[in-house]
Amino acid sequence: MEDFENNESTPFSKVVQDLCTPGRDDNSSKTAAVSAALVEVIQEKLGATSFEKVSPAALFASALNALSSTVTSDITDVASSPQLSLLEILRVTIPYVSSSNPNLYLHQFSNTSRALRGVAASIPTTHQTQDQSKISSGWNALLRQCIRTSSTALNGILVLDNAKVMEKEVLKCFHSTILKHFDDSRAKVRRQAHSCALELLHLSNSLEQNGLYRLIPDHLVEYSHHILDTFIASAGKRKKQHNDFEKKEKVVRLMHLLSFLDSGLVITNAKGRMTLGKDLMKLLDFAIVSGKNEDIQINIMVANGALAALLQIFDNSNREFKSIDEDTSQEDAFCAQQWAALLQANVNIVAFTKNGNEGVGECRILYARAIVAITVRMLSDNISDAQKPVMKALVPKLLSLSFTTVINCVGDEDIAQNAVQSICAELGRLIRCEGIKKMMQEKSISAGTGKCIESCVAAMQKILHYRFKSNWDASLPCLASLAVVIVQGMVPSSGADEETMAIMQSRVKPLVGGLVQLHADVDDKRSKQVVQGAIGTIVEGLGAEIFMGLVSLCDDSKDSKVVHGAVSNERAWILDVIKSSLSTDSNPYRPRLAFYQSHVLALARKCDSASASDNLTVVEASIQRSRVIDLWGLFPSFCLQPLDIEVTFPALAQTFVKAMGDKRYPELLTIICTGLTALARDVSERNESTSDGSVETEMRILSECSTKILPSLFRLVETLHGVDGSKNRSKNASKEDVEMDVTVDGEEKKKNLSREAQRVMTVTDAIAAFAALAPEQFLKGLFTKVIQRLLTASQSTGNEIEKMCTLLGLAQALVKSQCLNDESISLLYRSIKPLIKSDEQGSRVQKRAYKVFAEICQHKKDFVTAPERLSEIIDLMIGSTMVLQVSARHMRLKCIKFVVDGFDSNNEAHMRIVPNLVGEVLLSLKDANAKTRESAYQLLLSIAKVQNDMTTYLQIIVGALGAQTPHMRSAAVMALSRLVFEYARVDFTVQNLLPNLLQTVILLFDENSREVIKSAIGFVRVSVAALNKDQLEPLLPELVEGLMKYNRGKGRFRAKIKIILKKLVRSYGYDSITPLVPANDTRLLTHMRKIAERAARRKAADIQDGATAVGEFADLMDSDEDDSDDGRTFMTGVTGFTKLTTGSRKSVKSAMSMKSIAKSVRSMTKSMASTKSTATSGPRIDTSGERSGEILDMLDPAVTKNVRFQQEDDDDDFSDDGEAMEFDDSGKLVIGGDDKINFGNGGNDRDGGDDAENAEIFRSGKKQRISKYDSAVASREQVHTKKNKKKQQRDKTQLLGAAYKSKKAGGDVRKKDHKFEPYAFVPLDGKKYAKKSRSKTVEEMATVVRAKGGSKRKRR
């Protein structure tokens, strides 16, 4: 069909040209040669030279005549035959002939069919000859091409209106070339025949009852009916026995047909589907109830094929075409009949699949799919009107049986888990179908329907039985889904009356209650988790209010100690599930604050009372207090679009204010503030998006309540900072609190401070949310009080740091709310300006002041960039540099960034400010704090974006390369690297300036500063990746010469240098790079070439090496890993820098996700315990014995035990040829002590002591930290080493009399605990002479008793 579709858009001259154009493969070249010969003959006859003169009819006739002439000849080698090319020419030409000259094609179809049938018949099959070598490998390709051409030829004849005269010829062609190969043993041929048959069926469905539109489908149905009927009849005859070959041949033919029907049955017409559907049901019944034990595997295969084909009839939800027969009443009636038949066969199906044979799980899956497909079809509105009354009476009777049948399919413990998952997925599809939902939504449910729903619920309760225990993880979610569907179907989002709620609860309570009881009955953790997951699904779908109406958290019968009405110990887990499940906004029901007030808070009060009961222990009382917090923790979920803010919230506000100040439960403060923040923001967002009057009412209520909530929140912030509440806390603190404060250690204090900071942040967020709703005058009064108290505290002579931090936090919250006018913002700016310019108040106050100023710069850009104030702010930023505290750098850079973001590139005054900011930005790139460095990089990019002139901007930064300190020069190079990384590929200006920048940076390789060299190498690495080949080639001599100078970077940056060299080699080749490298370093390129050749061989052998993509700037600058091959070729030795930086500047999580880096870390961990690298690319000789003074005899045959070979898996570890072995002038191997071996330092004394120096690396005067992963691995290795030493000492054989040996001098000593004289006698112990421990006893005696030859006594 695609050929006919392309016919309309592609002119035939273009098709001829494509045919005559040879391709890359041999078949395309042969087709081009044959096409050119045919076209040349046609052109000679027509006297034309262009392709436009060649008509489709002429080329078709020439190709057909040529193909007919080859059929009669005896072809032994398909490679020399033109048949394949001629068939391809016909396949391309026929659509044009059929559309442009239909009469010619109709007249020539007999010849075409005869030629195609002749080609197909002349191709030998695998069973026609015993000598398989006579069958050329090209015969299969020729046969597939013949099938494709036949399909195109049949397409061309079927679309013609007057093609009925060719009916017999069409059937001959279809049967001989396509249908005959339906059961071919060659998979490709068989699939090609099936594919072409499907194309013909699709074409027949698209025809509008003209021509031969029914011929191919009817013939396929007749053929399939014959195969199915023959198989059933022959298999049912017990008297006539068939040999194994005939039996196997029939089964294979049947299975291939079923495979085709799995895709093609849905395309046939309704009458054909009914005929084949009945045959398939007979086949299924035959496979289930008949067959011998030795035929069970064949019967399972047949049953699976029959069910898969029947699904094409039962499931009409995913059909991609509209059937020609609009009336589906017969098909609906057939499905209804088979629905009952399949349900009745449940027992036989379960028994039939209750064995360990292969395919039983698939059989149950297909059976469940068939049941579900029919049930969903019967419940849908797509059934015919004639069958709807029948379905209305039939569904209530059979729906519950469908549930029971599907559930029974997962009732066996020995069924595979993947089959259980699939069957439960089908059960879930049934539960969530639209028919079930509509059944629940019916207002007037009949008695039959109600009973049907109850029967379905009873069927689902069977899942709770212990025989389903192994399958609960897949089946219990289905039970939870049914509960959700029932509730959502019966209770609309707007609510329901009491009668409907009572009916709903009577149906759902058995399911939910059964789950709760199951949780109490099971004793294994896995089952409890599965039950909790099912309860969580129900909570997500129903919400807390409906769920808590179904399940009570109180169970007074089992907890006698718990106060009546409090949360019981048996149901406490439900509270945790509710809390975790309500975090999502998936249920359709809006919460009610009234329910929270009357039920949840009532439970909290009961639990609070229970905690004060005298019958409880201290632990039990603390558990009840924790439940109070958990119940309050549900409040944020009730703040998501509640229904009754106007009625309930004013009364609840007073309760919230009191609860936030409850010192017994400090956790309530965070919970309530989180809920209030969510409530205020939700109402504000809905007010902006809609113009509903109810939302305006909610805004008014919250505005009125804010006058009571905000002052309380302000006081709470002061209390948390210890401003007003410190004295009260000290007076009211109990003795236990005082003792606890005394015993708290430093770590606990840090945790407490972090916890308090988090609570303060939560309160300030609530202040910001409610300040946006507060009345303007009220908010102005609060702001004025804050500023007055801030000014008073800043001028006080006492220690007012905590108070000032509190007030600055409140001011920050008010600015964040964006409700302050310009007058208030100006007052606040003037108040914090002295705190920024001075360091007298300490680092905390200055950092807070910068935070407030950052909020001003972010939310009030017009205020900041005003002409009368911008210069003042810039002078403030520049003038306060000398008094800047270290902890405030990060917030200061954020302030500058927000200011720069408000700049206008066309404003000259704004652009004149940029050079004054660059210096501080560059120095901040070298800061020890990661947040500060990242903020500096972001500010650097913001300036570039605002500047809009990269040439000027780069000139400013390049000027910093002439700074006096290497620190500043290194920072400038890092800034250039980041700008090149971000803009070189998108900005042509940067691309053009990059060669000059690279030449300038190369000069820095003469520096004697390690940090400058590191930055320069990073810039070169970024530039090599950004420059194109033509731009970089002129700079290669200078670039390579600078890299190979090393200077102070030889032992530290060797890995990065090798990455760059490898990239250059990859672009320009070894022949271009090797002459540029110094003579004493050519061995490096030789090694790289070896590794590259090895990788090519591994790739040719299909050994996957993996790949690493370095895409982030930080990774590109700091990573020692190559960008494309896991860093294998450049990791030739472990330097101190590699040890410390591999995991320090990159996240361990992303680094460990790559195989090569994981292996590198393992190699580095091993090498950190030693002062030398032992990795080589070849075998090594273990000389560890020489450390104790023993001489290794190289002529001893046992020396082979000391040779260590590198494993194949260790190719990724650090390696370098010849770094752990030395040779003298004559070429002999030099083996010496640890102090004699050269470990790759190249004889450079200055770099020879890098092992100690590499342990400490400084950036900006600060010690760089080792990553947590590396430090943890190193400490773990150290602990393992100590344990191994202790174990060796413990397991070491104790020599006889060793206890009497003197440690201070020679001779023997008798100590206090010794009972006998030294060497008095050897005590006899029967255990020591047993066979198990005899050898150890002999070793102990060896110091006293020796053999004749002076050696140790041999074991007898």
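Everything discussed here concerns the structure shown above.
An account of the accompanying structure is given in this report. (Residues numbered from 1 in each chain as written. Predicted model: local features only at pLDDT ≥ 70, side-chain atom pairs only at ≥ 80, totals over all residues. Heavy atoms only, no water.)

Remarks on the packing of aromatic side chains
With the rule as written, the count across this model stands at 17 aromatic pairs. With a centroid separation of 5.8 Å and 65 degrees between ring planes, the pair formed by Tyr466 and Trp472 is classed as edge-to-face. For Tyr466, a relative accessible area of 41% gives the class partly exposed. Exposure remark for Trp472: the relative accessible area of 1% places this residue in the buried category. Residues Phe649 and Phe656 carry aromatic rings whose centres are separated by 6.3 Å and whose planes lie at 55 degrees to one another, so their mutual orientation is tilted. Here Phe649 matches Phe656 in class, with each residue buried. An aromatic cluster of three or more residues is present, and its members are Phe595, Tyr596, Trp632, Phe635, Phe638, Phe649 and Phe656. The residue whose ring lies beneath Arg978 is Tyr937, and the NZ or CZ to ring-centre distance is 4.9 Å. (Phe/Tyr/Trp six-rings, centres within 6.5 Å; stacked < 30°, edge-to-face > 60°. Buried < 20%, exposed > 50% of the residue type's maximum accessible area, 1.4 Å probe, protein only. Lys NZ or Arg CZ within 6 Å of the ring centre and 35° of its normal.)

Examining the packing of helix H34 (residues 776–794) against helix H36 (residues 822–837)
Closest axis-to-axis distance for the H34/H36 pair is 11 Å, and the angle between their directions is 15 degrees. With respect to each other, H34 and H36 are oriented roughly parallel. For H34 against H36, the interelement crossing comes out left-handed. On the side of H34, the interface is formed by Lys780, Phe783, Ile787, Leu790, Leu791 and Ser794, while H36 contributes Glu823, Ser824, Leu827, Leu828, Ser831 and Leu835. Along the lines of polarity and charge, the residues of the contact of H34 with H36 split into 7 nonpolar, 3 polar and 2 charged. (Axes fitted to C-alpha atoms, helices over the stretch in contact; angles between N-to-C directions. Helix = DSSP H or I, 4+ residues; strand = E, 2+ residues; numbered from the N terminus. Parallel < 35°, antiparallel > 145°, perpendicular 65-115°, else oblique. Left-handed = near helix turned anticlockwise from the far one by under 90°. Contact = heavy atoms within 4.5 Å. Nonpolar A, V, L, I, M, F, W, Y, C, P; charged D, E, K, R; others polar.)

Quick word on the side chain of Ser611
Structurally, Ser611 can be placed in helix H25 (residues 593–611). Looking at Ser611, its side chain comes within polar contact range of the main-chain oxygen of Asp608, at 2.5 Å. (Polar contact = N/O pair within 3.5 Å; in protein donor to acceptor, adjacent residues only side chain to side chain.)

Concerning the nonpolar core
What tends to happen in soluble globular proteins is that the nonpolar side chains get buried as a cluster. By size, the foremost hydrophobic cluster in this structure holds 372 residues, and its most contacted members are Phe314, Met460 and Phe649. Sorting elements by how many residues they give to this core places helix H16 (residues 360–379) first, with 14 residues. Filtering out sequence-adjacent residues up to four positions away, Phe314 remains in contact with Met281, Phe334, Cys335, Gln338, Leu342, Ala370, Ala373, Ile374 and Arg377. (Core = buried A, V, L, I, M, F, W, Y, C linked by side-chain atoms within 4.5 Å.)

Focus: helix H19 (residues 434–441)
When H19 is considered as a whole, its buried residues turn out to be Gly435, Ile436, Met439 and Met440. Buried residues of H19, viewed axially, fall in a sector of 140 degrees; they line one side. (Arc of directions from axis to C-beta.)

Section: unusual backbone geometry
With a phi angle near 55 degrees, Gln641 is a residue other than glycine that sits in the positive phi range. With respect to the element layout, Gln641 can be found in the loop between helix H27 (635–638) and helix H28 (645–660). Taking relative accessible area as the criterion, Gln641 reaches 34% and is therefore assigned partly exposed. Residues other than glycine seldom take positive phi values, yet Gln818 does so here, at roughly 60 degrees. In this structure, Gln818 sits in the loop between helix H35 (801–816) and H36.

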